[in-house]
Amino acid sequence: MLYRNYHSQIIPIKEYNGHEIEDSGTDDLNVMVIMLESISRLTWLRHSPEIHEFITQELGGAILNGHHVVGGNSFPNNYAVMRGLEVYSDLRKLLMGGVEGIEIILMDFAKKGYATLLAEDFLPGKIPSYAKIKKIPVPHHDRASRVLRRSKDQYIPKGPDLNYCYGEKNIFNYTLNQVFDFSQKYRSLGKKFMAYSAIETGLHSHHSQNGISQDKHMVMNFLKKLHASGIINNTVVFIGGDHGCRFKDYFNTRVGYYETSLPLMYGIFPKWFREKYPTAFGNFKFNGENRLTSQYDLYYTLRAILNKDFINPRSHYDPNSHYGVNLLARVPEERTCQQAGVGPHFCMCGRKTRLDNTDPRALKAGQILITKVNELLKDTPCVQYDKFDVIEAYLVYPNEDITIAIETKPVYASMRTTLSLTEGHVTLRHIDRLERYSLVTKCMNENTAKLQDLEMMKIWACVCKDSVWRATKQRLNDWS
Ligand SMILES: [Zn+2]
């Protein structure tokens, strides 16, 4: 074979789960959510000041300055936006209930007559394998083309662990075009639409601090197309990072530490909406400038848009929700990270003091981390760790938790966590793995489907016994 290529086309669907697509009514807003891989707000502003200016000046968008992640990677953060719930406890519940399908925000839009598109490259694999759920019933879901590509293309150009191409097309651009074509198609039919896009492995920012510089022109072209076509006049767009950047050399700086947990997020509302509902948009803008927000909030803001709750927006929609609030209402000043569903490891609100790497508190925290990890990895195909060096430690106020990063030796792994040493029993809640760990955790990745207890930390903590030869600092820190 000489040549292979991939083409996406949107074939309109008349009915959604028995709900006829309704004609657009007054105040209906089309919706787009575009999640960019590993983009912190500050990384974006350094690389893309011209796009920031275009969004805030030309399109009237507002940025969320205090926006927080709710987990360490794409999955928990996208899940929070799509379902408003903490991913692993929710999947555990679903697994116990033995459900067939899973409800995400796109289904709520579909029930109200929206055409819906889910364009992403990781969810279909993760939800079924964790919770044994068979389907994500969104009518326009390009899972088929991505599965086909993975199975057929043996020789597509690859980055480290990643594929950037569909045939001759860039995956990210392919997906943005798909979202644009989808919006054009349904607009031409006079129908409202909701599109959600999250590309995990098709952006250079997944693997490189400066990777967005290779992809940002595609974001600009996409926004310019929305503007020039007039789609932006009746569409609200949320565009931002699923989480911040997670690159080791940068991680170890103070600003890199902050950037891990503070992703980019813009809300772009049409001009007529800003003029007709100045309170709702003013609240969003105010919250962006002055308040702690989290990915859970986007879910409840989407619910507010769906319910057209614009005149006197309510903060809460779900009395059972622990976390999210509607950002079209004013977020309380006293809101804490805990209330926003942001764990101590990800909370950037508290004061932090750097500890010397030989400080007894840092060494104690490092020892606890090693001990906890070894307990976690008992009865797995992973090594038990022996010694370690502290590479970074912070005292986090007000509770005097310790954020600690270590490198193990002689088998090399680099990980970071936040521990509360004042608790009687120290609990390990999250691990950031700082090096290119996917190369040495394959024995666990292959068994993901068997991890019914959803203890993802086992993967993040592991170096497989059969990969010890590879687990050196030099090998695993080379991302080129
Ligand atoms: Zn991600």
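Thresholds applied
Residues numbered from 1 in each chain as written. Predicted model: local features only at pLDDT ≥ 70, side-chain atom pairs only at ≥ 80, totals over all residues. Axes fitted to C-alpha atoms, helices over the stretch in contact; angles between N-to-C directions. Helix = DSSP H or I, 4+ residues; strand = E, 2+ residues; numbered from the N terminus. Parallel < 35°, antiparallel > 145°, perpendicular 65-115°, else oblique. Left-handed = near helix turned anticlockwise from the far one by under 90°. Contact = placed C-beta atoms within 7 Å. Nonpolar A, V, L, I, M, F, W, Y, C, P; charged D, E, K, R; others polar. Buried ≥ 20, exposed ≤ 12 C-beta atoms within 10 Å, placed from the backbone. Pairing = 2+ DSSP bridges.

1. Some thoughts on the packing of helix α3 (residues 74–83) against helix α14 (residues 295–306)
Thought 1: Between α3 and α14, the shortest axis-to-axis distance is 6 Å and the interhelical angle comes to 25 degrees. Put simply, α3 runs roughly parallel to α14. Classified by chirality, the crossing of α14 by α3 is right-handed. Of the residues in α14, those in contact with N77, A80, V81 and R83 of α3 are Q295, Y296, L298 and Y299.
Thought 2: Considering only residue class, the contact of α3 with α14 consists of five nonpolar, two polar and one charged.

2. Overview of the pairing of strand β13 (residues 235–241)
Thought 1: By the criterion of burial, β13 is predominantly enclosed, with seven of the seven residues buried.
Thought 2: Note that strand β3 (residues 30–36) and β13 share seven bridges and pair parallel. Residue pairing for β13: L36 is matched across the bridge by G241.

3. Things to note about the sheet that holds strand β18 (residues 401–409)
Thought 1: Taken together, the five strands give an open sheet; going across it, the order is β16-β17-β18-β19-β20, and neighbouring strands pair in antiparallel fashion. Since the sheet does not close on itself, it has two edges, and those belong to β16 (352–354) and β20 (432–433), each with one partner.
Thought 2: Relative to strand β17 (residues 387–396), β16 runs antiparallel, the two sharing three bridges. Pairing of K352 across the sheet is with V396, part of β17.
Thought 3: Contacts from helix α15 (residues 360–376) reach β17, β18 and β19 (414–419) within the one sheet, and its direction differs from that of β18 by about 65 degrees.

4. Some remarks on the packing of helix α2 (residues 49–58) against helix α9 (residues 212–229)
Thought 1: With their axes 10 Å apart at the nearest point, α2 and α9 run at an angle of 20 degrees to one another. Taken as axis vectors, α2 and α9 run roughly parallel relative to one another. Our pair here, α2 against α9, has a crossing hand that is left-handed. The segment α2 lies against α9, with I51, F54, I55 and E58 engaging K216, V219, M220, L223 and H227.
Thought 2: Per-class residue counts for the contact of α2 with α9 are six nonpolar, one polar and two charged.

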